[in-house]
Amino acid sequence: MESVKAVVFACGTEEYAVPVEQAISIEKLEHVTPIPHLPNYLLGFTRIRGELVPVLDFERILYNRSSNTATARIIVLNTDVVNYGLLVTEAREILDFDDSVLQQLGLVNYSKTRYFTAVANLENRMITYVDPKILVNSLDGIREIIDYLHKMLENEKENVEA
């Protein structure tokens with residue numbers, strides 16, 4: 001039987017999971033530099049291990065309220081589009097889900113929740129599975145922000161080489 005390893009986290013009162021192979025690290029929420037006029041789901045940018053990372057507030061994306069709390073954590077996710085930090089209420093654990101408990105969602109057909117790809121239906125809890133790449137690609141305005149970030153990284157690289 002196949003299993004899927006995932007990082008489980010809380011956002012609001014619900015539990016979500018992302019594939020462990022896309023989670024680079026889990027960090028405390030420290031200094032995030034806000035940039036004016038960005039979409040409200042983007043808190044700003046932070047440096048994590050020397051890399052400039054945009055920080056997306058998952059609770060703002062889902063519920064239009066901030067998860068900026070003492071237990072908040074940033075899960076740094078790797079996608080082929082961009083590495084980004086996902087601010088969550090609380091990072092909980094790493095679980096192995098048997099394929100038998102993962103049920104595909106019909107919600108992937110709904111454009112606003114396409115990033116919810118499955119639900120882990122466990123005995124005493126339900127955990128919604130999130131695809132980090134679909135999530136980042138589904139956000140309004142993110143393409144311009146990613147392009148801007150790539151330009152900044154190129155400029156940094158050129159300055160180091162000069």
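For clarity, every value in this text was computed on a predicted model and none was experimentally measured. Along each chain, the written sequence defines residue order, and numbers are assigned to residues from 1. Local features in this predicted model are restricted to residues of pLDDT 70 or higher, and side-chain atom pairs are both shown and tallied only at a pLDDT of 80 or more, whereas totals for entire chains, interfaces and linings draw on every residue. Neither water nor hydrogens contribute to the side-chain values; these are computed over all heavy atoms in the structure.

Caption draft 1: Structural context of the packing of aromatic side chains. In summary, the pairing rule links any two rings of Phe, Tyr or Trp, Trp by its six-membered ring, whose centres are within 6.5 Å, and it sorts them by plane angle into stacked for under 30 degrees, edge-to-face for over 60 and tilted for everything else. Applying the stated criterion across every chain yields a total of 5 aromatic pairs. A ring pair is formed by phenylalanine 9 and phenylalanine 58, whose centres lie 5.8 Å apart and whose planes are at 70 degrees; its orientation type is edge-to-face. Here the residue phenylalanine 9 occupies a position in strand S1 (residues 3-11), and phenylalanine 58 occupies one in helix H1 (residues 58-63), the gap between them amounting to 49 residues. On the basis of an interplanar angle of 90 degrees and a centroid distance of 5.3 Å, the ring pair of tyrosine 16 and phenylalanine 58 is categorised as edge-to-face. One end of the pair, tyrosine 16, is in strand S2 (residues 14-19); the other, phenylalanine 58, is in helix H1, and 42 residues separate them in sequence. Tyrosine 16 sits in the buried class, given a relative accessible area of 5%. When a residue's accessible area, from a 1.4 Å probe over protein chains only, is under 20% of the maximum for its type it is buried; when over 50% it is exposed; and in between it is partly exposed. Looking at phenylalanine 58, the relative accessible area reads 0%, which means it is buried. Helix and strand definitions follow DSSP, with helices as H or I runs of at least four residues and strands as E runs of at least two, each counted in order from the N terminus.

Caption draft 2: Quick peek at the side chain of threonine 46. Among the structural elements, threonine 46 can be located in strand S4 (residues 42-48). Each polar contact in these results corresponds to two N or O atoms within 3.5 Å; when the atoms are within protein, one needs to be able to donate a hydrogen and the other to accept it, and residues that are neighboring in sequence are counted only if both atoms are side-chain atoms. A distance of 2.7 Å separates a polar atom in the side chain of threonine 46 from the backbone oxygen of histidine 31. The criterion used for residue contact is that any of the two residues' heavy atoms lie within 4.5 Å. Non-local contacts of threonine 46, meaning those with residues more than four positions away in its chain, are made with His31, Val32, Glu51, Leu52, Val53 and Val55.

Caption draft 3: Fine view of the environment of glutamate 123. Here glutamate 123 shows up in the loop between strand S10 (116-121) and strand S11 (126-130). According to the relative accessible area criterion, glutamate 123 is exposed, its value standing at 85%. Between the alpha carbons of glutamate 123 and valine 101 there is a distance of 9.4 Å; along the sequence they are 22 residues apart.

Caption draft 4: Structural detail: the sheet that holds strand S3 (residues 23-28). By this definition, two strands are paired if DSSP reports at least two bridges between them. Here we have 5 strands laid out as an open sheet, ordered S3-S6-S7-S5-S4, and mixed in their pairing. The open sheet terminates on both sides in strands that have one partner only, identified here as S3 and S4. The average undirected angle you get between the axes of adjacent strands in this sheet is 30 degrees. Sheet topology note: the S4/strand S5 (residues 51-57) ladder contains 6 bridges and is antiparallel. Paired with threonine 46 across the bridge in S5 is valine 53. The convention used is that axes are lines fitted to C-alpha atoms, helices contributing only their stretch in contact, and that angles between N-to-C directions extend from 0 to 180 degrees.

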